[in-house]
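Listed below are the residues making up each chain.
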Amino acid sequence: MNASSNPIEISFELAASRCADLTPLVYRRLFEEHPDTQAMFRSDGGDLVMGSMLALTIEAILDFAGERHGHFRLIACEVASHDGYGTPRELFIAFFAVIRDALRDLLGDEWSAEIAQAWERLLVELDAFTAATG
Ligand code: HEM
């Protein structure tokens, strides 16, 4: 993987070097912080949906925080479709903070002030972006 200077990318790269799959970490935290969400995922095939939802979300975050080629547009589409799944915007947005917090715990000492600030800014921008499109 090429060395990156984007703190958001760096945070995911560091996480990938410590943990092959973020899925259990992220959803454990989501279900702890927002217990209602567990029942929202189907019991059959729910694991696949959860893994795929996280992978697509990370792809969209990296694009949104980086080059903005187009993957970030998924976020706007999904605000609307999640409304249909019964996920209000506040909860939808909470998923991004859950991912940030899971990375922060995983990185420990490697969670630098620069990475923390970049994530803080990113969450504010995502909030504004979904408010504008939702
Ligand atoms: C706490 C917040 C969220 C909850 C509770 C939630 C819940 C769900 C649920 C229940 C499904 C499955 C729908 C079905 O049965 O087919 C789903 C699918 C999906 N979600 Fe979320 N979602 C959240 C946030 C997000 C965010 C922030 C994104 C991305 C920007 C996202 C992207 C997707 C995508 C792409 C799928 C389809 C996955 C697939 O079937 O391959 N979700 N979500």
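Here's what I pulled together on the structure shown here.

Scoring rules and cut-offs
- Residues numbered from 1 in each chain as written.
- Predicted model: local features only at pLDDT ≥ 70, side-chain atom pairs only at ≥ 80, totals over all residues.
- Near = placed C-beta within 6 Å.
- Helix = DSSP H or I, 4+ residues; strand = E, 2+ residues; numbered from the N terminus.
- Axes fitted to C-alpha atoms, helices over the stretch in contact; angles between N-to-C directions.
- Parallel < 35°, antiparallel > 145°, perpendicular 65-115°, else oblique.
- Left-handed = near helix turned anticlockwise from the far one by under 90°.
- Contact = placed C-beta atoms within 7 Å.
- Nonpolar A, V, L, I, M, F, W, Y, C, P; charged D, E, K, R; others polar.
- Buried ≥ 20, exposed ≤ 12 C-beta atoms within 10 Å, placed from the backbone.

1. A look at the site of the ligand
Taken together, 22 residues lie near the ligand, and Met 40, Ser 52, Met 53, Thr 57 and Phe 95 sit nearest. Listed by contribution, the elements that provide at least two residues to the shell around the ligand are helix H3 (46–65), helix H4 (73–85) and helix H5 (89–107).

2. Brief notes about the packing of helix H1 (residues 7–18) against H5
Two measures define how a pair of helices packs: the angle their axes make with one another and the distance between the axes. For the pair H1 and H5, the least separation of the axes is 10 Å and the interaxial angle reads 55 degrees. The angle between H1 and H5 places the two elements in the oblique class. Crossing of H1 against H5: the hand is left-handed. Mapping the contact onto sequence places Ser 11, Leu 14, Ala 15 and Arg 18 in H1 and Leu 103, Leu 106 and Leu 107 in H5. Per-class residue counts for the contact of H1 with H5 are five nonpolar, one polar and one charged.

3. Quick notes on the environment of Gln 38
Note that Gln 38 resides in the loop between helix H2 (23–33) and H3. Using a count of 12 C-beta atoms within 10 Å as the deciding quantity, one classes Gln 38 as exposed. Sequence separation between Gln 38 and Gly 70 is 32 residues, and the spatial gap between their C-alpha atoms is 30 Å.

4. A closer look at the packing of H2 against H5
Direction vectors running N to C along H2 and H5 enclose 120 degrees, while the axes themselves pass 9 Å from each other. Judged on the interaxial angle alone, H5 and H2 are oblique. Note on packing geometry: the crossing formed by H2 with H5 is right-handed. Taken together, the residues of H5 that come into contact with H2 (itself represented by Leu 25, Val 26, Arg 29, Leu 30 and Glu 33) are Phe 95, Val 98, Ile 99, Asp 101, Ala 102 and Leu 106. Of the residues belonging to the contact of H2 with H5, the class tally is eight nonpolar, no polar and three charged.

5. Remarks on the environment of Arg 18
Note on placement: Arg 18 falls in helix H1. In sequence terms Arg 18 and His 34 are 16 residues apart; their C-alpha atoms lie 26 Å from each other.

Read these as geometric descriptors, not functional statements.
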